[in-house]
Amino acid sequence: MSSAGIPKEAIEVIAQTVGITNLSPEVSLALAPDAEYRLREIMQEAIKCMRHARRTTLTGDDVDSALTLRNVEPVYGFTSKDSLRFKRAGGFKDLYYVDDKVVEFKDVMESPLPKPPLHTAVTAHWLAIEGIQPAIPENPPVEATADAKRSEYKEDGLPVDIRLPVKHVLSRELQLYFEKIKVLTMRRPDSVIFKQALLSLATDSGLHALVPYFTHFIADEVARNLNNFSLLFALMRVTRSLTQNSHIHIEPYLHQLLPSILTCLVARRLGHRLTDNHWELRNFTANLIGSICKTFGHLYHNLQPRITRTLVHAFLDPTKSLTQHYGAIQGLAALGPSVVRLLILPNLEPYLLLIEPDMQLEKQKNEVKRYEAWRVYGALMRAAGLCLHDRLKILPGLLTPPARPILKSNGKIVTGMANKRKASSDSLMQQQPPLKKMTTEAGAVGMMSMNPMQGMMGGVTSISRQLPVLGENMAGAVRDAGAKTSSLVLAQAWKDDMSAGNLLASLFELFGERMFSFTPKPELSFFL
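Everything numeric in this text was worked out from a predicted model, so none of it was measured.

With that settled, consider the overall build of the protein. Each helix and strand in the protein was counted, giving 20 helices and 6 strands. Taken over 528 residues, the protein has a buried fraction of 36%. Long-range pairs, those at least 24 residues apart, make up 62% of the contacts in the protein with a sequence separation of at least 6. Carbon and sulfur atoms form 57% of the exposed surface of the protein, whose accessible area is close to 34,200 Å².

Written out as structure tokens, the structure reads:
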């Protein structure tokens, strides 16, 4: 087809082939542009089909596909995957014909039949089983050299089974994604695009294939860049995003991530400059450990005990630095109030005596050491305060104000229930619930001065003294009723109440008025 378009003579010849002999020149001239437009449209569609097939040669199948897309009946006849060979006709300058190869009919009859096409279906098969690729037709053949083939070698008379590694194939898009995250983490951790990348890591699906690569990347960079504070913080943020993504299964890789996380928590030194806020990094990492234990603790029963054992060892080791103690305390506090109550509080008083010289200006002239000691002191106070807050929330009636009006006289606080001091435990149980009974009894017996500090200690002491007596009376009354199970439950409840009261008194002796900030407002009103 020339650049000038289809000539009208070609239209007349085509009309004669279909039996139209009286086609006027005006009609031929009008049909020529339309035929050229239709022909160009079909060829453009055919070229699209060729490009989608990743080929550079246009075939008859491409033209048939283009005709099908245009709802035109395709051209029937013999088609070949090979390109057509055109030869110039002798005596004509612009006339070509297809050079058809002469095929013997006998050869065609004797040739084997081609395999029938398979029906389109979806089947499942194993890519690998315990790291070994099964030899099935669906999997590609394993390309291995002779010395790496599966075989049995004799070493000291014992057979050794060599397992071939499975090749992990990543798409080009995932490779680019991983490289981009690496570059942003190492070079631009403070940029806005890095925050968007963290959001992508925490929400996008289809990233499970990259988890082992991210795990290896985090472990290597943490081990090699303990002096690079910004990179360590960025790596921990990447780790948190991976653990928050609900579309990936990161559980099998936690044992590879935890050493890096614990390093950023209890390492002796993080960063090389005094301006590096490694305290913030340790706080962030402690919250990350608490989140991991909360999310995956039900899947691995030994996850939290292993972490707790490591942190307790760092906390109780006197050879460790104060920064390491700080990280261990923050990590234990992030694991919950129960961990603090069982592991930190029993060692609280001797530890405070240990760091007391470092907190005093007269005994510790090094300002950095003194600041570290005060940071550790603040971490201990925060952990103990949160444990106290949790205990008071569990037992809301422990320090609630009395239900009866309070009368003031002669600088003392007494209640209007003074005439019921000698009531028996049975009558107390019948008149009011156990928790309210305790506060009323404490209000009736406890005599607190108007000084808030003395009033606090007096109230706590009064509660602690009354609890054993009330517990014994209640247990006896329940045993008389014959309810053994209820007795055990109530005895445990009174035991918890008494331990909470003793805890408040002990923490006040160690930290003073600072414990007020951790006391809930309803309970704090008891002392005011």
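As a further point, take the side chain of Q330. With respect to the element layout, Q330 can be found in helix α12 (residues 322-334). Judged by its relative accessible area of 8%, Q330 falls in the buried class. A distance of 2.7 Å separates polar atoms of two side chains, one belonging to Q330 and the other to N283. Contacts of Q330, omitting those with residues within four sequence positions, involve N283, A286, A379 and R382.

Mapping R391 onto the fold places it in helix α15 (residues 367-394). For the pair formed by R391 and S338, sequence separation is 53 residues and the distance between their alpha carbons is 9.7 Å.

Right, let's get into the environment of K369. Structurally, the position occupied by K369 is in helix α15. Residue class for K369 comes out partly exposed when judged on its relative accessible area of 40%. Sequence separation between K369 and S321 is 48 residues; the distance between their C-alpha atoms is 9.7 Å. With near-sequence residues (within four places) excluded, K369 lies in contact with L322, D358 and Q364.

Before going further, it helps to examine the nonpolar core. Core analysis: the biggest nonpolar cluster contains 82 residues, and L380 and F511 have the highest contact counts within it. Per element, the largest residue contribution to this core is 11 residues, and it comes from α15.

On the surface, a cluster of nonpolar side chains totalling about 270 Å² of accessible area is made up of L39, M43, I47 and L58. Here L39 is to be found in helix α2 (residues 25-52).

Let us look at the confidence of the model for the protein. When pLDDT is averaged along the protein, the result is 75, and 68% of the positions lie at 70 or above. Helix α17 (residues 434-445) is the least confidently modelled element of the protein, averaging 33 in pLDDT, while helix α8 (residues 229-244) averages 94, the highest of any element. The model gives residues 398-487 a pLDDT under 50, and that stretch makes 109 contacts with residues more than four places away or in other chains.

What follows covers unusual backbone geometry. The phi torsion at R54 lies on the positive side, around 60°, for a residue other than glycine. Structurally, R54 is set in the loop between α2 and α3 (60-69). What makes R54 exposed here is its relative accessible area of 78%. If you check the backbone angles, N71 has positive phi at about 60° while not being a glycine. In this fold, N71 is placed in the loop between α3 and β1 (86-88). Judged by relative accessible area, N71 falls into the exposed class, the value being 73%.

Here we take up the packing of α8 against helix α10 (residues 278-296). Contact pair α8 / α10: the axes reach a minimum separation of 11 Å and the direction vectors enclose 15°. Viewed along their axes, α8 and α10 adopt a mutual orientation that is roughly parallel. Crossing of α8 against α10: the hand is left-handed. Contact with α8, carried on its side by F229, L232, F233, M236, R237, T239, R240 and T243, involves H278, E280, L281, F284, T285, L288, I292 and F296 of α10 and no other residues of that element.

This part is about the packing of aromatic side chains. In the structure shown here, the tally under the stated rule is 9 aromatic pairs. Between F178 and F217, the ring centres sit 6.4 Å apart and the planes meet at 85°, which makes this aromatic pair edge-to-face. Taken together, the residues F178 in helix α5 (residues 172-187) and F217 in helix α7 (residues 211-224) connect sequence positions 39 residues apart. The exposure classification of F178 matches that of F217, with both residues buried.

To continue, consider the packing of helix α9 (residues 254-266) against helix α11 (residues 303-316). At a closest axis distance of 12 Å, the pairing of α9 and α11 adopts a crossing angle of 30°. Taken together, the axes of α9 and α11 lie roughly parallel to each other. By crossing handedness, the relation of α9 to α11 is classed as right-handed. From α9, L258, L262, L265 and V266 reach across to α11, where they touch L303, I307, T310, L311 and A314. Classifying every residue of the contact of α9 with α11 gives 8 nonpolar, 1 polar and no charged.

About the cut-offs
Residues numbered from 1 in each chain as written. Predicted model: local features only at pLDDT ≥ 70, side-chain atom pairs only at ≥ 80, totals over all residues. Heavy atoms only, no water. Helix = DSSP H or I, 4+ residues; strand = E, 2+ residues; numbered from the N terminus. Buried < 20%, exposed > 50% of the residue type's maximum accessible area, 1.4 Å probe, protein only. Contact = heavy atoms within 4.5 Å. Areas by Shrake-Rupley, 256 points an atom, 1.4 Å probe, with all protein chains shown as cover. Polar contact = N/O pair within 3.5 Å; in protein donor to acceptor, adjacent residues only side chain to side chain. Core = buried A, V, L, I, M, F, W, Y, C linked by side-chain atoms within 4.5 Å. Patch = residues over 30% accessible without salt bridge, like charges linked within 9 Å, V, L, I, M, F, W, Y side chains within 5 Å. Salt bridge = Lys/Arg side-chain N within 4 Å of Asp/Glu carboxyl O. pLDDT = per-residue confidence, 0-100. Axes fitted to C-alpha atoms, helices over the stretch in contact; angles between N-to-C directions. Parallel < 35°, antiparallel > 145°, perpendicular 65-115°, else oblique. Left-handed = near helix turned anticlockwise from the far one by under 90°. Phe/Tyr/Trp six-rings, centres within 6.5 Å; stacked < 30°, edge-to-face > 60°. Nonpolar A, V, L, I, M, F, W, Y, C, P; charged D, E, K, R; others polar.

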